[in-house]
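Spelled out, the chains give:
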Amino acid sequence: MSLRLGDIAPDFTAETTEGTINFHEWLGNSWGMIFSHPADFTPVCTTELGRTAQLKDEFEKRGVKVIAVSVDPLDSHTEWIKDINETQKTTVNFPLIADEDRKVAQLYDMIHPNASEKATVRSVFIIGPDKKIKLTLTYPASTGRNFYEILRVIDSLQLTANYQVATPADWQEGEDCIVVPAVSTEDAMQKFPKGVNVIKPYLRTTPQPNK
Ligand code: BEZ
């Protein structure tokens, strides 16, 4: 059965380019992103892993540990990383799981047989410090993911976790947020000293609390 939001992210132990990792132990109390790609030495994946490496500071700033999965072996990953570093002008700075036996791919339902029998699709799971799944995304093999969108969702998730605000359609960093329905307008006035704009009783906005 596929994983759903709120489920505990399955734990596993796997060989990676940074040694053997027990996933939950490796995550510790951090947020995490586990993402799969179809295969080593493929063009779209090369750009995706390069972009993720280039965004190291952005993931770190948000306290998010990043780990990639593909069903290719470790020696292939090691060779491919050299190409990623060369062509994307970066240094891959996160572990790649060598999931030859497809253990992780199966745990996370990353193989969609009607799309491809063998290769993993482009799955993304964002995991909270409670080890629960906060976001799932599935992209086809031919479309590279938008990693700025992933960071935007992480920002929104962390605002909700820390300040009880949600974010509206197309929200960008610095724009007004939405007071979550669980907070009464009276409590919101106390909680958000920058002000609360009551547009409808159920639609209340406040400036981004952590700005
Ligand atoms: C790629 O991973 O680069 C890719 C995979 C399937 C179709 C097109 C590109």
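A short tour of the structure in this document, coming up. No experiment lies behind these values; they were computed from the predicted model shown.

1. Details of the site of the ligand
Phase 1: Every residue lining the ligand is accounted for by Thr42, Pro43, Val44, Cys45, Arg122, Ala141 and Ser142.
Phase 2: Residue Thr42 places a side-chain N or O atom 3.2 Å away from an oxygen atom belonging to the ligand.
Phase 3: Val44 has a polar backbone atom sitting 2.6 Å from an oxygen atom of the ligand.
Phase 4: Relative to its unbound accessible surface of 260 Å², the ligand loses 67% to contact with the protein.
Phase 5: The greatest single-element share of the shell around the ligand, amounting to three residues, is contributed by helix 2 (residues 43-54).

2. A short note on the packing of helix 2 against helix 4 (residues 74-88)
Phase 1: Put simply, helix 2 and helix 4 touch, their axes get as near as 9 Å, and they point 70 degrees apart. Put simply, helix 2 runs roughly perpendicular to helix 4. On the side of helix 2, the interface is formed by Cys45, Thr46, Thr47, Leu49, Gly50 and Gln54, while helix 4 contributes Trp80, Ile84, Thr87 and Gln88.
Phase 2: Counted by class, the contact of helix 2 with helix 4 contains four nonpolar, six polar and no charged residues.

3. Structural notes on the pairing of strand 1 (residues 13-16)
Phase 1: Burial along strand 1 is one-sided: the residues Ala14 and Thr16 are buried and none of Thr13 and Glu15 is.
Phase 2: Turn length for the strand 1-strand 2 (residues 19-22) hairpin, with the two strands adjacent in sequence and antiparallel, is two residues.

4. Comments concerning helix 4
In an α-helix there are 3.6 residues to a turn, and that puts residues three or four apart on one side.
Phase 1: The end-to-end C-alpha separation of helix 4 is 20 Å, in line with the 21 Å expected for 15 residues at 1.5 Å each.
Phase 2: Within helix 4, burial applies to Ser76, His77, Trp80, Ile81, Ile84 and Gln88. Seen from one end, helix 4 has its buried residues packed into an arc of 135 degrees, which puts them on one side. Helix 4 presents Asp75 and Glu86 as exposed residues on the side facing more than 90 degrees away from its buried surface.
Phase 3: Where helix 4 is buried, its residues contact helix 2, strand 4 (64-70) and strand 5 (96-98).

5. Notes on the nonpolar core
Phase 1: In this structure, Met33, Phe35, Leu49, Phe59, Phe94, Leu96 and Ile126 are the most contacted members of the largest nonpolar core, which totals 26 residues.
Phase 2: Put simply, the parts of the chain that give this core at least two residues each are strand 3 (31-36), helix 2, strand 4, helix 4, strand 6 (122-127) and helix 6 (147-163).
Phase 3: Per element, the largest residue contribution to this core is six residues, and it comes from helix 6.
Phase 4: If you look at the next biggest cluster of nonpolar residues, it comprises 21 residues, including Val69, Val104, Ala105 and Ile111.

6. Thoughts on the pattern of salt bridges
Phase 1: Enumeration according to the criterion identifies ten salt bridges in this entry.
Phase 2: We note a salt bridge from Lys134 to Asp130, for which the minimum N-O separation is 3.0 Å.
Phase 3: A cluster of three or more residues bridged by salt bridges with shared partners is formed by Glu58, Lys61, Arg62 and Asp155.

7. Comments concerning the packing of aromatic side chains
Phase 1: Per the stated rule, a full pass over the model turns up eight aromatic pairs.
Phase 2: Each ring, one from Phe12 and one from Phe23, has its centre 4.7 Å from the other, and the planes form 10 degrees; the classification is stacked. With a gap of eleven residues between them, Phe12 in the segment before strand 1 and Phe23 in helix 1 (residues 23-27) connect regions that are remote in the sequence.
Phase 3: Taking relative accessible area as the criterion, Phe12 reaches 5% and is therefore assigned buried.
Phase 4: Aromatic side chains Phe12 and Tyr108 sit 6.2 Å apart centroid to centroid with 85 degrees between the ring planes, which places their arrangement in the edge-to-face category. Here Phe12, found in the segment before strand 1, pairs with Tyr108, found in the loop between helix 5 (103-107) and strand 6; they are 96 residues apart in sequence, far enough to count as distant.
Phase 5: Residue classification places Tyr108 among the buried residues on the basis of a relative accessible area of 1%.
Phase 6: Taking the ring centre of Trp26 as reference, the NZ or CZ of Lys65 above it sits at 4.9 Å.

Rules of the game
Residues numbered from 1 in each chain as written. Predicted model: local features only at pLDDT ≥ 70, side-chain atom pairs only at ≥ 80, totals over all residues. Heavy atoms only, no water. Near = heavy atom within 4 Å. Polar contact = N/O pair within 3.5 Å; in protein donor to acceptor, adjacent residues only side chain to side chain. Areas by Shrake-Rupley, 256 points an atom, 1.4 Å probe, with all protein chains shown as cover. Helix = DSSP H or I, 4+ residues; strand = E, 2+ residues; numbered from the N terminus. Axes fitted to C-alpha atoms, helices over the stretch in contact; angles between N-to-C directions. Parallel < 35°, antiparallel > 145°, perpendicular 65-115°, else oblique. Contact = heavy atoms within 4.5 Å. Nonpolar A, V, L, I, M, F, W, Y, C, P; charged D, E, K, R; others polar. Buried < 20%, exposed > 50% of the residue type's maximum accessible area, 1.4 Å probe, protein only. Pairing = 2+ DSSP bridges. Expected span 1.5 Å × (residues − 1). Arc of directions from axis to C-beta. Core = buried A, V, L, I, M, F, W, Y, C linked by side-chain atoms within 4.5 Å. Salt bridge = Lys/Arg side-chain N within 4 Å of Asp/Glu carboxyl O. Phe/Tyr/Trp six-rings, centres within 6.5 Å; stacked < 30°, edge-to-face > 60°. Lys NZ or Arg CZ within 6 Å of the ring centre and 35° of its normal.

Honestly, it's all geometry; don't read function into it.
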